[in-house]
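Analysis of the macromolecular model
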Amino acid sequence: FKEIEQQARKAVKAIKEMDDAIVDLQNATNLSYNNVRQMMSGYNDMAKQLGATTTEVSSGADTWLRQGKTITETNKLVKDTIVLSKVAQMNSEDSSKVLTATLNGFQMAAEQAEYVNDILSSIDLESAADAGGLGTSLGKVASMANNAGLSIEKTVASLATMKEVTQDSDESIGNDVEKVLGKVGISMRDVNGQFLESEVIMDNVGQKWSTFDGNTKKAVATAMAGTYQYNKLISLFDNYNKVLKLTEIAQDSAGTSAKKFEENYLNSLEAKQKKLQASFESLAFNAVGRETYGGIVEATTAMVEFIDKTNLVKGALAGLAVGGITKGFLAIKTGIVD
């Protein structure tokens, strides 16, 4: 009974939050109040299925709609956003940012968001790096990695292995790197003289890394990553077998996030509580709604103004001073009746 009362109170509070969300979605879509209200009803259904609140779902929808996604694309992306937020223990706003940066950076289509979740979830299970931290790092380097020719699988595997990431996105492979690698028998160009993709170069360095002495490792890492980042690159190549293993895991990760979400999160107490809250939100939203809630607010406002203009509070305070609480409240009651 206590749980029911708490969720009911949250539902009443959510009426205002849901109305705010409707206004945000109206601004994002330029649709009418009634149309957006119908959308909110759909988001409420989705919330109950995903063990989330209606406002969590609508917040994710607002993010994607403002990026110009269609309603169909948005509905798919919202689900992926909620799944990532739950399996990676992030809020829906942060998971939206991760997916946005990753999809845009690697030039992936909306329907590939689930695969991004799968990669993060699979690496989370096989490494010390958590999905939330990996997602945040991935979002920061996605565009740079894609431009350098790194696959998303190799990028996440590298991030997980290093456990932290360089954010020097403006750096590019230059002549110093080519000279240093040339000395150890690694070419940066193909037979036609064109630069190879970074992933190919990384694999070539990784294969020969164990044959380098300490000074050569430092020289190669410094040339590739710079003075301030070479320690991270050394840690990467010292564990390059792990990078290759995690890359394979990422490539074979399809379905991992959905399984983790369904087996772990949906069976949790949090999911069941939020499903109950979403059910109460639906009840409150349909039974009370903007008009009724607004009427209560307006009536309360009128009451406050009435009390203020008739000085009932001043009289009540005087009653409190003289005769205590009972007399004070009686003064308000008498004043209203009069």
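Residues numbered from 1 in each chain as written. Predicted model: local features only at pLDDT ≥ 70, side-chain atom pairs only at ≥ 80, totals over all residues. Heavy atoms only, no water.

1. A look at the packing of helix H6 (residues 113-126) against helix H13 (residues 240-251)
How we decide: Here an axis means a line fitted to C-alpha atoms, over the contact stretch when the element is a helix, while the angle between two N-to-C directions is reported on a 0 to 180 degree scale. Under the DSSP-based scheme used, a helix requires at least four consecutive residues in state H or I and a strand at least two consecutive residues in state E, with every element numbered from the N terminus. What sets the label is the angle itself: under 35 degrees gives roughly parallel, over 145 gives roughly antiparallel, 65 to 115 gives roughly perpendicular, and the rest give oblique. The crossing is said to be left-handed when, going from far helix to near helix, the turn is anticlockwise and less than a right angle, and right-handed when the turn is clockwise. Residues count as neighbours in contact if any of their non-hydrogen atoms are within 4.5 Å of one another. Residue polarity follows a fixed list, in which Ala, Val, Leu, Ile, Met, Phe, Trp, Tyr, Cys and Pro are nonpolar, Asp, Glu, Lys and Arg are charged, and the others, Gly among them, are polar.
It is the contact of H6 with H13, at a shortest axis distance of 8 Å, that shows an interaxial angle of 140 degrees. Considered as vectors, H6 and H13 are oriented oblique to each other. Crossing geometry of H6 relative to H13 is assigned as right-handed. Residues Tyr115, Ile119, Ser122, Ile123 and Glu126 of H6 lie in contact with H13, whose contacting residues are Leu246, Ile249, Ala250 and Gln251. Along the lines of polarity and charge, the residues of the contact of H6 with H13 split into six nonpolar, two polar and one charged.

2. Focus: the pattern of salt bridges
What counts here: Whenever Lys or Arg places a side-chain nitrogen within 4 Å of a carboxyl oxygen from Asp or Glu, that contact is recorded as a salt bridge. Classification of residues uses two cut-offs on accessible area relative to the type maximum, computed with a 1.4 Å probe and protein chains only: under 20% is buried, over 50% is exposed, and between them is partly exposed.
This model, assessed by the stated rule, comprises 14 salt bridges. The salt bridge involving Asp203 is made with Lys154; its shortest N-O contact spans 2.8 Å. Taken together, the positions of Asp203 in helix H10 (residues 198-208) and Lys154 in helix H8 (residues 152-162) put the pair 49 residues apart, joining distant regions of the chain. For Lys154, a relative accessible area of 2% gives the class buried. Residues Lys217 and Asp238 are paired through a salt bridge, measuring 3.9 Å at the closest nitrogen-oxygen approach. Separated by 21 residues along the polypeptide, Lys217 in helix H11 (residues 214-225) and Asp238 in helix H12 (residues 230-238) bring together distant segments of the chain. Each of Glu56, Lys86, Glu270 and Lys274 takes part in salt bridges that share partners, so that together they form one network.

3. Some remarks on the packing of aromatic side chains
As a reminder of what qualifies: Put simply, two rings from Phe, Tyr or Trp (the six-membered ring, in Trp's case) pair if the centres are within 6.5 Å, and we call them stacked under 30 degrees between planes, edge-to-face over 60, tilted for the rest.
Tallied over the full model, the rule gives four aromatic pairs. A ring pair is formed by Phe237 and Tyr240, whose centres lie 5.4 Å apart and whose planes are at 35 degrees; its orientation type is tilted. Centroid distance Phe261 to Tyr265: 5.5 Å. Interplanar angle 25 degrees. Geometry classified as stacked. Of this pair, Phe261 and Tyr265 both sit in helix H14 (residues 256-265), four residues apart, which is roughly one turn of that helix. When its relative accessible area of 4% is taken as the criterion, Phe261 is described as buried. Assessed through its relative accessible area of 8%, Tyr265 is described here as buried.

4. Let's talk about the environment of Leu266
Note that Leu266 resides in the loop between H14 and helix H15 (269-287). Classification of Leu266 by relative accessible area gives partly exposed; the value is 26%. Apart from the residues within four sequence positions on either side, Leu266 is in contact with Gln49, Leu50, Gly51, Phe261, Ala271 and Lys272.

5. Here's the deal with the side chain of Asp19
Among the structural elements, Asp19 can be located in helix H1 (residues 2-29). We classify Asp19 as buried; its relative accessible area is 17%. Non-local contacts of Asp19, meaning those with residues more than four positions away in its chain, are made with Tyr33 and Arg290.

6. Describing the environment of Ile4
In this fold, Ile4 is placed in helix H1. C-alpha separation for the pair Ile4 and Gln277, spaced 273 residues apart in sequence, amounts to 8.9 Å.

7. Focus: unusual backbone geometry
Phi at Asn30 is positive, roughly 65 degrees, even though this residue is not glycine. Structurally, Asn30 is set in the loop between H1 and helix H2 (33-50). Overall, Asn30 belongs to the exposed group, its relative accessible area being 70%. Not every positive phi belongs to a glycine, and Gln89 is a case in point at roughly 55 degrees. Turning to its location among the elements, Gln89 is positioned in the loop between helix H4 (71-87) and helix H5 (92-105). Residue Gln89 is classed as exposed on the basis of its relative accessible area, which comes to 76%.

8. Focus on the confidence of the model for the protein
Should pLDDT be low for a region, the predicted coordinates there are not to be read in detail. Applied cut-off: For every residue, the pLDDT score states the predictor's confidence, bounded by 0 at the bottom and 100 at the top.
Considering every residue of the protein, the mean pLDDT works out to 81; 82% of them sit at 70 or more. Between residues 164-176, whose pLDDT stays under 50, and residues either more than four places distant or in other chains, the model counts 18 contacts.

9. Regarding H5
Put simply, the rule is: Each helix should span, by expectation, one fewer than its residue count multiplied by 1.5 Å. Here a polar contact means two N or O atoms within 3.5 Å. Within protein one must be a hydrogen donor candidate and the other an acceptor candidate, and residues neighboring in sequence count only if both atoms are side-chain atoms.
The first and last C-alpha atoms of H5 sit 20 Å apart over 14 residues, in line with the 20 Å expected at 1.5 Å per residue. Those residues of H5 that sit buried are Ser92, Ser95, Ser96, Val98, Leu99, Thr100, Thr102, Leu103 and Gly105. In this fold, the buried residues of H5 make contact with helix H3 (54-65), H4, H6, helix H7 (131-147) and H8. For H5, the N-terminal cap is Asn91; the gap from its side-chain oxygen to the backbone nitrogen of Glu93 is 3.2 Å. Two residues or fewer after H5 comes Gln107, characterised by a positive phi angle close to 55 degrees.

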